[in-house]
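So you can see what is in the structure, the chains are spelled out below.
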Amino acid sequence: MDIPPLAGKIAALSLAALPVSYALNHVSALSHPLGVALLSALIIGQLFVAVYSLSRGEISYDPHYAVFAVFAFTSAVDLLLALQEDGYLVGFMEFYTKEGEPYLRTAYGVFICYWDGIVHYLLYLAMAGAIRRRKRYRNLGLYWLGSFVMSILVFLPGNILGKYSSEIRPAFFLTIPYVLVPCWAGVRIFNQARPPACYPPTTVQEEQRKGLLQRPADLALVIYLILAGFFTLFRGLVVLDCPTDACFVYIYQYEPYLRDPVAYPKVQMLVYMFYTLPFYGLAAYALIFPGCSWLPDWALVFAGAIGQAQFSHMGASMHLRTPFTYRVPEDAWASFFVCNMLYALGPHLLAFRCLQRPAFFQHLPPRPQVLHEKQH
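Definitions and cut-offs
- Residues numbered from 1 in each chain as written.
- Predicted model: local features only at pLDDT ≥ 70, side-chain atom pairs only at ≥ 80, totals over all residues.
- Heavy atoms only, no water.
- UniProt positions renumbered as here; feature names shortened; annotations may be inferred.
- Domains from an automatic or database assignment.
- Contact = heavy atoms within 4.5 Å.
- Buried area = accessible area lost by both parts, 1.4 Å probe.
- Salt bridge = Lys/Arg side-chain N within 4 Å of Asp/Glu carboxyl O.
- Polar contact = N/O pair within 3.5 Å; in protein donor to acceptor, adjacent residues only side chain to side chain.
- Helix = DSSP H or I, 4+ residues; strand = E, 2+ residues; numbered from the N terminus.
- Nonpolar A, V, L, I, M, F, W, Y, C, P; charged D, E, K, R; others polar.
- Phe/Tyr/Trp six-rings, centres within 6.5 Å; stacked < 30°, edge-to-face > 60°.
- Buried < 20%, exposed > 50% of the residue type's maximum accessible area, 1.4 Å probe, protein only.
- Lys NZ or Arg CZ within 6 Å of the ring centre and 35° of its normal.
- Expected span 1.5 Å × (residues − 1).
- Arc of directions from axis to C-beta.

Under an unreviewed UniProt entry, the protein has the name Transmembrane 6 superfamily member 2 and belongs to Pipistrellus kuhlii. According to the UniProt record, the Subcellular location (unreviewed entry) comment for the protein is "Endomembrane system". The UniProt entry for the protein carries this comment under Sequence similarities (unreviewed entry): "Belongs to the TM6SF family."

Have a look at this one:
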């Protein structure tokens with residue numbers, strides 16, 4: 001997969017987040033939650049107008065360019081917010097975390113801001129750069145889509161169900177377009193044409209004739225998917241208060257963060273169980289039986305989703321903003337880190353395998369039927 005050059009114009013525009021956030025932090029009108037919401041919406045609207053006026057050619061070629069430009073700005077803001085909450089910056093986003101979205105001050109909120117401000121930011125620049133140079137970016141878009149949707153699936157329900165449910169402010173409703181626009185963009189990315197197949201039918205047939213035992217890498221991935229599926233189911237049962245001794249020991253001695261009343265870890269485990277677990281089963285099937293052309297796309301989506309989820313979950317489990325009783329005990333750090341890193345790494349290896357050798361998943365063209373005339 002070719003990585004397109006980054007979009008310098010959008011990178012320069014996103015740097016405006018520094019002076020804008022610093023200036024807004026010193027505006028007295030922003031001491032009211034409604035003022036924060038209205039001014040935030042106004043800034044996003046003006047930013048969109050500026051992007052449209054500066055990049056009409058790129059937007060007419062692909063409207064996603066405007067989406068990536070605006071979201072690159074919000075990613076820069078999220079990075080400033082995370083750095084401020086960890087004490088590396090002062091005087092930038094205090095007004096927003098106090099009167100806009102106070103749940104961003106939680107350990108989980110800080111780490112999703114880090115992910116958005118670093119990983120999503122680089123993806124936006126790369127995809128915008130690809131649009132500017134008329135190159136493909138479908139694979140990057142699918143990874144971003146999975147990562148973005150996973151953060152929304154966990155963060156929004158966690159805000160409503162957790163202990164910060166009473167802290168919902170008007171700025172929370174700005175997430176409505178923040179959800180709808182990526183859904184629109186995701187559908188368009190899925191509908192983009194796939195890169196043309198580069199394998200002749202003979203190569204595809206030869207690859208698909210191989211059994212699972214003749215493909216040791218696929219065999220290892222199938223074993224991983226089965227084990228990861230059991231781990232997913234187990235943690236789902238843990239947050240559902242399963243009364244078994246194993247669940248009790250795990251939640252108190254290995255991952256007490258699953259008991260945190262902020263609700264993010266519980267929602268995360270339930271999303272894993274209801275969405276990721278079925279995917280693991282289907283992915284194992286697709287690695288055994290040839291011709292499942294849907295797997296490369298969905299492997300990228302789930303790699304992005306699980307990468308984002310595990311980064312936020314692992315970071316929040318050990319962050320100082322998490323109460324001490326819910327942090328990972330020191331004697332369990334090694335097992336916690338290894339298990340969760342393997343859980344994050346496996347889907348990326350699956351996506352890499354699908355991209356590097358996709359012949360096994362390709363559909364073979366139908367064989368032509370030759371009619372033989374009988375000779376009398």
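Novice: So, the domain arrangement of the protein: which residues are in play, and what are the values?
Specialist: The assigned domain composition of the protein is domain 1 (8–191) and domain 2 (201–361). Using only C-alpha atoms to locate each centre, domain 1 and domain 2 end up separated by 27 Å. Tallying the contact residues gives 31 residues for domain 1 and 29 residues for domain 2. Across the domain 1/domain 2 interface, buried area totals approximately 2700 Å², and carbon plus sulfur atoms make up 71% of it. Three residues, Y108, F111 and M150, lead the burial of domain 1 against domain 2; their summed loss comes to 25% of the area buried on that side. The interface formed by domain 1 and domain 2 contains two salt bridges. Close ionic contact of R321 with E85 constitutes a salt bridge, the shortest N to O distance being 2.8 Å. Along the contact surface separating domain 1 from domain 2 lie seven residue pairs in polar contact (both at pLDDT 80 or more). Looking at the side of domain 1 that touches domain 2, the element that brings in the most residues is helix α8 (residues 138–161), giving 15 residues. Classifying every residue of the side of domain 1 that touches domain 2 by side-chain character gives 18 nonpolar, eight polar and five charged.

Novice: Describe unusual backbone geometry, and please don't skip the residues or the numbers.
Specialist: Phi is positive for R134, which is not a glycine, with a value near 55°. Relative to the elements of secondary structure, R134 occurs in the loop between α7 (107–132) and α8.

Novice: Could you give me a rundown of the packing of aromatic side chains, with the residues and numbers involved?
Specialist: Enumeration over the complete set of coordinates arrives at 29 aromatic pairs. For the pair F155 and Y264, a centre-to-centre distance of 5.7 Å together with 20° between the ring planes defines the contact as stacked. With F155 in helix α8 and Y264 in helix α13 (residues 264–288), the pair connects residues that are 109 residues apart, well separated along the chain. The same class applies to F155 as to Y264, namely buried. Ring centres of Y280 and Y343 lie 6.1 Å apart, and the angle between their planes is 80°; on these two criteria the pair is classed as edge-to-face. Linking Y280 in helix α13 with Y343 in helix α15 (residues 333–356), this pair joins segments that are 63 residues apart in sequence. Here the two residues Y280 and Y343 agree in accessibility, since each one is buried. Members of the aromatic cluster, connected to one another through ring pairs, are F190, Y224, F231, F234, Y250, Y254, Y272, F279, Y280, W298, F302 and Y343. Over the ring of F360 we find R215, and its NZ or CZ is 4.0 Å from the ring centre. The ring of Y343 carries the charged tip of R235 above its face, separated from the ring centre by 5.3 Å.

Novice: With reference to specific residues and values, describe the pattern of salt bridges.
Specialist: Summed over all chains, the structure comprises eleven salt bridges. Residues R357 and E207 are paired through a salt bridge, measuring 3.8 Å at the closest nitrogen-oxygen approach. Taken as a pair, R357 in the segment after α15 and E207 in helix α10 (residues 201–209) lie far apart in primary sequence, 150 residues in all. For R357, a relative accessible area of 36% translates into the label partly exposed. A salt bridge links D218 to R215; its shortest N-O distance comes to 2.4 Å. Each of the two residues, D218 as well as R215, counts as buried. Connected through salt bridges with shared partners, the residues E85, R105 and R321 form a single ionic network.

Novice: Can you tell me about the UniProt feature "domain: EXPERA" (unreviewed entry) in the protein, naming the residues and giving the values?
Specialist: In the UniProt entry, the feature "domain: EXPERA" (unreviewed entry) is given for residues 61–186 and 217–351. The span residues 217–351 is 74% helical and 0% strand by assignment, and the distance between its end C-alpha atoms comes to 13 Å.

Novice: Outline helix α9 (residues 175–191), supporting the account with residue identities and numerical values.
Specialist: One turn of an α-helix holds 3.6 residues; hence residues three or four places apart share an orientation. Between the first and last C-alpha of α9 there are 25 Å, a value that for 17 residues agrees with the 24 Å anticipated at 1.5 Å per step. Of the positions making up α9, those classed as buried are T175, P182, A185, G186 and I189. The arc that holds the buried residues of α9, viewed along the axis, is 105°, so those residues lie on one side. For α9, the exposed residues set more than 90 degrees away from the buried face come down to L180, V187 and N191.

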